[in-house]
Number of protein chains: 2
Amino acid sequence: MNIGIDIMGGDFAPAATISGAINARKELPKSDHIFLFGDKDIILEGLAAEKADPAGFEIIHAEETIGMGEHPTKAISQKPNSSISIGFKFLKKNKIDAFTGAGNTGAMLVGSIFSVNTIQGVIRPCITSTIPKENGNVGILLDVGAVPDCRPDVLYQFGILGSLYAQYVYNIKNPRVALLNIGEEEEKGNLLTQSTYRLMKDTKDFNFVGNVEGRDLFADTADVIVCDGFSGNIALKQIEEIGRMMIRRGFSDNFLKRLNYELYGGTPILGINSTVMIAHGISSATAIKNMILLAKDVHKAKLSKKIRTAMAHYINAREKEISS
Amino acid sequence: MNIGIDIMGGDFAPAATISGAINARKELPKSDHIFLFGDKDIILEGLAAEKADPAGFEIIHAEETIGMGEHPTKAISQKPNSSISIGFKFLKKNKIDAFTGAGNTGAMLVGSIFSVNTIQGVIRPCITSTIPKENGNVGILLDVGAVPDCRPDVLYQFGILGSLYAQYVYNIKNPRVALLNIGEEEEKGNLLTQSTYRLMKDTKDFNFVGNVEGRDLFADTADVIVCDGFSGNIALKQIEEIGRMMIRRGFSDNFLKRLNYELYGGTPILGINSTVMIAHGISSATAIKNMILLAKDVHKAKLSKKIRTAMAHYINAREKEISS
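Everything in this summary refers to the structure shown in the same document. (Residues numbered from 1 in each chain as written. Chains lettered and ligands numbered in written order. Predicted model: local features only at pLDDT ≥ 70, side-chain atom pairs only at ≥ 80, totals over all residues. Heavy atoms only, no water.)

Another aspect to go through is helix α10 (residues 285–300) of chain A. Residues and elements named next belong to chain A. Taking 1.5 Å per residue, 16 residues should reach 22 Å; α10 reaches 23 Å between its end C-alpha atoms and fits that length. Judged by how many residues are buried, α10 sits mostly within the fold: 12 of 16 residues are covered. One or two positions beyond α10, positive phi appears at Lys302, with a value near 50°. (Helix = DSSP H or I, 4+ residues; strand = E, 2+ residues; numbered from the N terminus. Expected span 1.5 Å × (residues − 1). Buried < 20%, exposed > 50% of the residue type's maximum accessible area, 1.4 Å probe, protein only.)

Below you can see the structure in the form of structure tokens.
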């Protein structure tokens, strides 16, 4: 397969992105090609500095770069020659099978929707985070920032998206999907979670197991935890800080090591017609490498196709409800 | 002063509440009286079991008990002889200066509002949590569950309430008030935080220092962090779980020890015309003792009076805005 990486994106780009691509190259078979999008001179210089052979990569020159602080929609439309814009053109034309980047998250989201489109029926694409469980398993938290304001039907769809992701990429059978809430009982919560619970409680679209609370994020009571992008982002950044704080305080064990976001590297944008991975702005070379490798897993799992099938089923069921 | 405690409230009541009251008794001067509300036989039995002299307490018999799972408004109106209801009657008549309890939080909130009323101008009373900073200081997070759905003006008022609490109970001069958000920049957030930022940014009612993120909860960048009760409850329960998890994993240091909620014991309900403290359902005797001692601090600080003065000023300023 062909995997693209935005070399210009991220706080430590291009050093971290070039290094990450070189390390991913070493782990992938020759049948996989890595496309580097960015300033050609910078890329060649970076490869030379690490004594990597440029022939191992497809280098796609991009004159412009979208900065971390730029307005996503404006940047995508005003910078057609940026590394992100060119990457998405390649994705749209199937010259690459997956596009990855640690740059401007909003621009990666907007670029995805403009180039390969949202899957029919998906109200809002979203992003996830992998949360290590204390018992060694992993859980999926979504959304973690793409959709700060959610409606109940949007959260319901996150249940479908997260369940498919856990099933096909993390090989979890019949994933347990929970709703992040401020109490275990059905009637607890804010207006959003109270309404969402009512939508989810008898669903056959996924295996709903009820509410979980902030204390349950590391417990193995659910495989997928659904929340609005505001709460999810607060929870995720808190978890990441625990990891850093424990390192600072000199504490380490197998579980605490797994709190390190670098291990997971990135998240697919769920609900679009292709494989697009985004990573933290602060991504290191290790995080970038892992994002590229995860892109392959997501592509191989045919996740977009699985979501398209599920959403067709979802639309069909809603239409039947309306006409009955 | 006279401090009341609901002996029947909490997962470990009456053992933990009686024990906590006995220990608080030892630390308070004789001029402070502790009123125990609950079943007289149970209380006398509990005191005897710990070899405590009943003469050291005012025992107020209550025939009924409000359970943890009962509907707050219904329970308060249908159980006038419950320990919570009688406690609030004593508070209303100034027979006690503060009422404390670890029972049904909703019933404690409703009881407060019914008996001593919300301070004029306060839209929604709220509850707080003390969050230890990594550098040894403490911060205040509010709301942590009383108001799961907030409007921007409600969050704005939490800024006033939290600032006064930090100033007069924790002796923090000119407390730095921040808004919990998913980005540092003004335009980041959900609709609620975006609007709240605009209300707060030029305020003279408190010292607003901008947005903080989930990673900043333990950093000393703000003394007071304002959020809706949904996000705040998720964040708080996550913090408490970190504390328990680190103990489980065998890690301990001065900071981690301070994550133990027992140290802080309880929170005042901010925005009502008296001192009412509530604590975790899982409160131990230590937590109960600390809640009773904190009730004294809150009462001595004349926090309700300070809030009344600030709210009168707030209403006055809003009226001037409208008429100008």
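It is worth spelling out the environment of Ile59 of chain A at this point. All names here are of chain A. Its location among the elements puts Ile59 in strand β3 (residues 58–61). Separated by 153 residues in the primary sequence, Ile59 and Val212 have C-alpha atoms spaced 46 Å apart. Apart from residues lying up to four places away in sequence, Ile59 is in contact with Leu36, Lys40, Ile43, Leu44, Leu47 and Pro54. (Contact = heavy atoms within 4.5 Å.)

Let's shift gears to the relation of the copies chain A and chain B. For the pair chain A and chain B, the superposition axis carries a translation of 0.0 Å, the fit reaches an RMSD of 0.0 Å, and the rotation angle comes to 180°. With respect to symmetry, the two chain copies, as superposed, fit the operation of a two-fold axis. Taking the C-alpha atom as reference, chain A places Ser231 of chain A closest to the rotation axis, 2.8 Å from it. Taken as a fraction of all interface residues of chain A, those also at the interface in chain B reach 97%, which identifies the copy contact as same-surface. (Least-squares fit on C-alpha atoms with pLDDT ≥ 70 in both.)

As a further point, take the interface of chain A and chain B. Interface extent is often summarised as the accessible area lost during association of the parts. Contact with chain A, which involves 37 residues of that partner, is made by 36 residues of chain B. Both sides together, the interface formed by chain A and chain B hides about 3400 Å², and carbon and sulfur atoms give 63% of it. Summed over the three residues of chain A that lose the most area to chain B, namely Ile182, Phe230 and Gln238 of chain A, the buried surface amounts to 20% of that side. Between Asp253 of chain B and Arg249 of chain A there is a salt bridge, with its nearest N and O atoms 2.6 Å apart. One can count 14 residue pairs in polar contact (both at pLDDT 80 or more) joining chain A with chain B. Of all elements in the fold, only α7 (191–200), α8 (229–248) and α9 (254–258) of chain A reach the threshold of two or more residues within the side of chain A that touches chain B. When the residues that make up the side of chain A that touches chain B are grouped by side-chain class, the tally is 16 nonpolar, 10 polar and 11 charged. (Buried area = accessible area lost by both parts, 1.4 Å probe. Salt bridge = Lys/Arg side-chain N within 4 Å of Asp/Glu carboxyl O. Polar contact = N/O pair within 3.5 Å; in protein donor to acceptor, adjacent residues only side chain to side chain. Nonpolar A, V, L, I, M, F, W, Y, C, P; charged D, E, K, R; others polar.)

This paragraph deals with the packing of helix α4 (residues 83–92) of chain B against helix α5 (residues 105–116) of chain B. Packed helix pairs are specified by the crossing angle of their axes together with the interaxial distance, meaning the distance between the axes. All names here are of chain B. Contact geometry for α4 and α5: axes closest at 9 Å, N-to-C directions at 35°. The two elements α4 and α5 meet at a crossing, and its hand is right-handed. For the pair α4 and α5, the contacting residues are Ile84, Phe88, Leu91 and Lys92 in the first and Ala107, Met108, Gly111, Ser112, Ser115 and Val116 in the second. The class makeup of the residues in the contact of α4 with α5 is six nonpolar, three polar and one charged. (Axes fitted to C-alpha atoms, helices over the stretch in contact; angles between N-to-C directions. Left-handed = near helix turned anticlockwise from the far one by under 90°.)

What follows is about the state of the cysteines. A disulfide bridge is the covalent bond that connects two cysteines by way of their sulfur atoms. The final tally for this structure, using the stated rule, is zero disulfides over all chains. In this model Cys150 of chain A remains outside any disulfide bridge; the closest cysteine sulfur is found in Cys227 of chain A, 8.1 Å from its own. The thiol of Cys126 of chain B is unpaired, and the distance to the nearest cysteine sulfur, on Cys150 of chain B, comes to 8.5 Å. (Disulfide = S-S within 2.5 Å.)

A few words on the sheet that holds strand β7 (residues 176–180) of chain A. Residue and element names in this part refer to chain A. Read across the sheet, five strands follow the order β5-β6-β9-β7-β8 without closing on themselves; strand pairing throughout is mixed. Lying at the two open borders of the sheet, with one neighbouring strand each, are β5 (128–132) and β8 (207–212). Neighbour to neighbour, the strand axes of the sheet diverge by 30° on average, direction disregarded. For β7 and strand β9 (residues 224–226), the ladder comprises three bridges, and the chain directions are parallel. (Pairing = 2+ DSSP bridges.)

This brings us to the pairing of β5 of chain A. All names here are of chain A. Within β5, five of the five residues are buried, which leaves the element mostly enclosed by the surrounding structure. Burial of the side chains of β5 extends over both faces: Thr128, Thr130 and Pro132 are buried on one face and Ser129 and Ile131 on the other. Looking at chain direction, β5 and strand β6 (residues 138–142) are connected through five bridges and run antiparallel. What sits directly across from Thr128, in β6, is Leu142. Turn length for the β5-β6 hairpin, with the two strands adjacent in sequence and antiparallel, is five residues, and the turn residue Gly136 shows positive phi of about 105°.

Time to look at the packing of aromatic side chains. What the rule picks out here adds up to 19 aromatic pairs over all chains. For the ring pair Tyr197 of chain B and Phe208 of chain B, a centre distance of 5.3 Å and an interplane angle of 80° mean the geometry is edge-to-face. With Tyr197 of chain B in helix α7 (residues 191–200) and Phe208 of chain B in strand β8 (residues 207–212), the pair connects residues that are 11 residues apart, well separated along the chain. Of the two residues, Tyr197 of chain B and Phe208 of chain B, neither departs from the other in class, the shared state being buried. Through successive ring pairs, a cluster of aromatic residues spans Phe35, Phe37, Phe88, Phe90 and Phe99 of chain A. The cationic tip of Lys95 of chain A hangs over the ring face of Phe90 of chain A; the distance from NZ or CZ to the ring centre is 4.7 Å. If you follow Lys306 of chain B out to its NZ or CZ, it ends over the ring of Tyr168 of chain B, 4.6 Å from the centre. (Phe/Tyr/Trp six-rings, centres within 6.5 Å; stacked < 30°, edge-to-face > 60°. Lys NZ or Arg CZ within 6 Å of the ring centre and 35° of its normal.)

The subject of this paragraph is the nonpolar core. Residues Phe158 of chain A together with Leu36 and Phe158 of chain B are the most contacted members of the largest nonpolar core, which totals 220 residues. Not counting residues up to four positions away in its chain, the partners in contact with Phe158 of chain A are Arg124, Cys126, Leu142, Asp143, Val147, Cys150, Val226 and Cys227 of chain A. (Core = buried A, V, L, I, M, F, W, Y, C linked by side-chain atoms within 4.5 Å.)

As a further point, take the sheet that holds strand β1 (residues 2–6) of chain B. Residues and elements named next belong to chain B. Pairing is mixed in the open sheet, where six strands are placed in the order β3-β2-β1-β4-β11-β10. Among the strands making up the open sheet, the edge pair consists of β3 (58–61) and β10 (267–268). In terms of strand pairing, β1 meets strand β4 (residues 98–101) through three bridges, oriented parallel. Bridge pairing in β4 links Ile3 to Ala98. Where helix α1 (residues 15–27) meets the sheet, it contacts β1 and β2 (33–38), and its direction lies at approximately 170° from that of β2.

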